[in-house]
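Single-letter residue listing:
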Amino acid sequence: MKKTAVTCHQNADFDAVASLIAASLLYPGAMLIFPGTQERMLQSFYEDALRWLYDLVSPREADLSGVERLVIVDARQEERIPHVRSLLERPDLEVHIWDHHPAGGESIRATEEHVAMFGSTCTLLTRELRKRKIPLRCEEASLLGLGIYGDTGAFTYVSTTPEDF
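Residues numbered from 1 in each chain as written. Predicted model: local features only at pLDDT ≥ 70, side-chain atom pairs only at ≥ 80, totals over all residues. Heavy atoms only, no water.

## Overview of the overall build of the protein
Along the protein, the regular secondary structure elements total 5 helices and 6 strands. For the protein, the α and β elements follow one another from N to C terminus as β-α-β-α-β-β-α-β-β-α-α. For the protein, whose C-alpha radius of gyration is 15 Å, the value lies close to the compact-globule estimate of 15 Å for 165 residues. Overall, the C-alpha framework of the protein stretches about 40 × 35 × 35 Å when taken along its three principal axes. For the protein, the residues scored as buried account for 50% of the 165 residues in total. Residue pairs at least 24 apart in sequence account for 68% of intrachain contacts in the protein once pairs closer than 6 positions are excluded. In the form shown here, the protein has an accessible surface area of approximately 8,600 Å², with 52% of it arising from carbon and sulfur atoms. Charge-centre separation for the protein: the mean point of 17 positive side chains lies 4 Å from the mean point of 25 negative side chains. (Helix = DSSP H or I, 4+ residues; strand = E, 2+ residues; numbered from the N terminus. Rg over C-alpha atoms; globule rule 2.2 N^0.38 Å. Buried < 20%, exposed > 50% of the residue type's maximum accessible area, 1.4 Å probe, protein only. Contact = heavy atoms within 4.5 Å. Areas by Shrake-Rupley, 256 points an atom, 1.4 Å probe, with all protein chains shown as cover. Lys, Arg positive; Asp, Glu negative; His and termini not counted. Charge placed at Lys NZ, Arg CZ, Asp CG, Glu CD.)

Shown next as structure tokens:
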């Protein structure tokens, strides 16, 4: 039973799934809960590569009974992560949030928040990985690059920051 679970929002995009993988480097041994995607390109990438490279579990397969810490990436509103709602009801749950979205609606109560207005959550996580001197494999670096590229609209969105580059 894993004491830490990491997840992202349902209907994940490249920023969400890459952030999930990056968070696994910050929280070694964590259970990675991938809620799935509707993006065709990401679905193909998941089938062809991600499911072979990483130990991702679906919400149905996830044993949440021993989880003491939940790490949420690329989201901070409860309605975006219904697959772990039961965990959020636990009063003693430790919650860490890594996100780049502006606050809005009902934000989840977090024990630890890492929020910055970058164009991508991958940018925020990459900054932390570099700070901690955690090395990346080629696959992880490429995935983080895809996450940043996708969420910044190929570096064209007004939300793109110098840090994203």
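## Things to note about the packing of aromatic side chains
For the structure shown, the criterion picks out 2 aromatic pairs. With a centroid separation of 5.9 Å and an interplanar angle of 75°, the aromatic rings of Tyr-149 and Phe-155 are classed as edge-to-face. Residue classification places Tyr-149 among the partly exposed positions, given a relative accessible area of 46%. Overall, Phe-155 belongs to the partly exposed group, its relative accessible area being 29%. (Phe/Tyr/Trp six-rings, centres within 6.5 Å; stacked < 30°, edge-to-face > 60°.)

## What to know about the pairing of strand S5 (residues 94–99)
With 5 of 6 residues buried, S5 is to be regarded as a mostly interior element. Sheet topology note: the strand S4 (residues 69–73)/S5 ladder contains 5 bridges and is parallel. Opposite Arg-69, over in S5, you have Glu-94 as the bridge partner. (Pairing = 2+ DSSP bridges.)

## So, the side chain of Gln-77
By the element assignment, Gln-77 lies in the loop between S4 and helix H3 (85–88). In contact with Gln-77, not counting residues within four places along its chain, are Gly-104, Glu-106, Ser-107 and Ile-108.

## Re the packing of helix H1 (residues 14–26) against helix H4 (residues 121–131)
The contact between H1 and H4 brings their axes to 9 Å, and the two run at 20°. One way to sum up the angle between H1 and H4 is to call them roughly parallel. The interaxial crossing formed by H1 with H4 has left-handed handedness. Taking contact as the criterion, the partners of Asp-15, Ala-18, Ser-19, Ala-22, Leu-25 and Leu-26 in H1 are, on H4, Thr-121, Cys-122, Leu-125, Glu-128 and Leu-129. Taken together, the residues that form the contact of H1 with H4 break down as 7 nonpolar, 2 polar and 2 charged. (Axes fitted to C-alpha atoms, helices over the stretch in contact; angles between N-to-C directions. Parallel < 35°, antiparallel > 145°, perpendicular 65-115°, else oblique. Left-handed = near helix turned anticlockwise from the far one by under 90°. Nonpolar A, V, L, I, M, F, W, Y, C, P; charged D, E, K, R; others polar.)

## Description of the sheet that holds strand S1 (residues 4–8)
Here we have 6 strands laid out as an open sheet, ordered S3-S2-S1-S4-S5-S6, and parallel in their pairing. Two strands lie at the open edges of the sheet, namely strand S3 (56–57) and strand S6 (112–115), each paired on one side alone. The strands touched by H1 are S1, strand S2 (31–33), S3, S4 and S5; relative to S1, the strand with the most contacts, the crossing angle is about 160°. Against the sheet, H4 makes contact with S4, S5 and S6, and its axis sits at roughly 110° relative to S5, the strand it touches most.

## A closer look at unusual backbone geometry
A positive phi is found at Asp-74, a non-glycine position, where the angle reads about 65°. With respect to the secondary-structure elements, Asp-74 resides in the loop between S4 and H3. What makes Asp-74 buried here is its relative accessible area of 1%. Not every positive phi belongs to a glycine, and Phe-155 is a case in point at roughly 65°. Mapped onto the elements, Phe-155 comes out in the segment after helix H5 (138–151).

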